[in-house]
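# Tertiary structure, described
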Amino acid sequence: MSETGRDYIVRDLDKVWFEYDKQNDILYINFGEAIEDADEEILSGDGDIAFRIKEGRIISIMIMGFSSKAGITVL
C-alpha cells in the first residue's frame, strides 16, 4: 500500500529502460517503450524520489541525487 492509500502497479517490466542525466545527477527508470505523460506525480518523504503515475500504474521513477545515494563518483 502506498502512503496515499492507493495501490499502484508496474506493467511492462520486460520493457524497462534506464537513463542517467549526469548534469543534474538524476536516474530515470522508465517502464514501457516510450515516455508517457503522467496523470500525477508522487514524491517520497524526502522529495528525492518521484513516482510518475498514469491510470493507476507507475510509468517512471526519478531518483534525484543518484550518485550520492548509490555511493559512486560520476566522472
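Read on for an overview of the structure. What you see is a predicted model; the values in this text were computed from it and never measured.

## Side note on the pattern of salt bridges
A side chain with one charge may pair with a side chain of the opposite charge, provided their charged atoms come close. Under the definition given, this model contains three salt bridges. Residue Glu36 pairs with Arg57 through a salt bridge whose shortest N-O separation is 2.9 Å. Here Glu36, found in the loop between β2 (26–31) and β3 (40–43), pairs with Arg57, found in strand β5 (residues 57–64); they are 21 residues apart in sequence, far enough to count as distant. A salt bridge links Lys69 to Asp48, with the nearest nitrogen and oxygen atoms 2.9 Å apart. Here Lys69, found in helix α1 (residues 66–70), pairs with Asp48, found in the loop between β3 and β4 (49–54); they are 21 residues apart in sequence, far enough to count as distant.

## Some points on the sheet that holds β4
Here five strands make up an open sheet; going across it, the order is β1-β2-β5-β4-β3 and the pairing antiparallel. Strands at the two margins of the open sheet, each flanked by one partner only, are β1 (16–21) and β3. On average, each strand axis in the sheet is inclined to that of its neighbour by 20°, with strand direction left out of account. Of the pairings in the sheet, the one linking β2 to β5 comprises five bridges and is antiparallel in character. Residue pairing for β5: Tyr28 is matched across the bridge by Met62.

Reading guide: rules and limits
- Residues numbered from 1 in each chain as written.
- Predicted model: local features only at pLDDT ≥ 70, side-chain atom pairs only at ≥ 80, totals over all residues.
- Heavy atoms only, no water.
- Salt bridge = Lys/Arg side-chain N within 4 Å of Asp/Glu carboxyl O.
- Helix = DSSP H or I, 4+ residues; strand = E, 2+ residues; numbered from the N terminus.
- Pairing = 2+ DSSP bridges.
- Axes fitted to C-alpha atoms, helices over the stretch in contact; angles between N-to-C directions.

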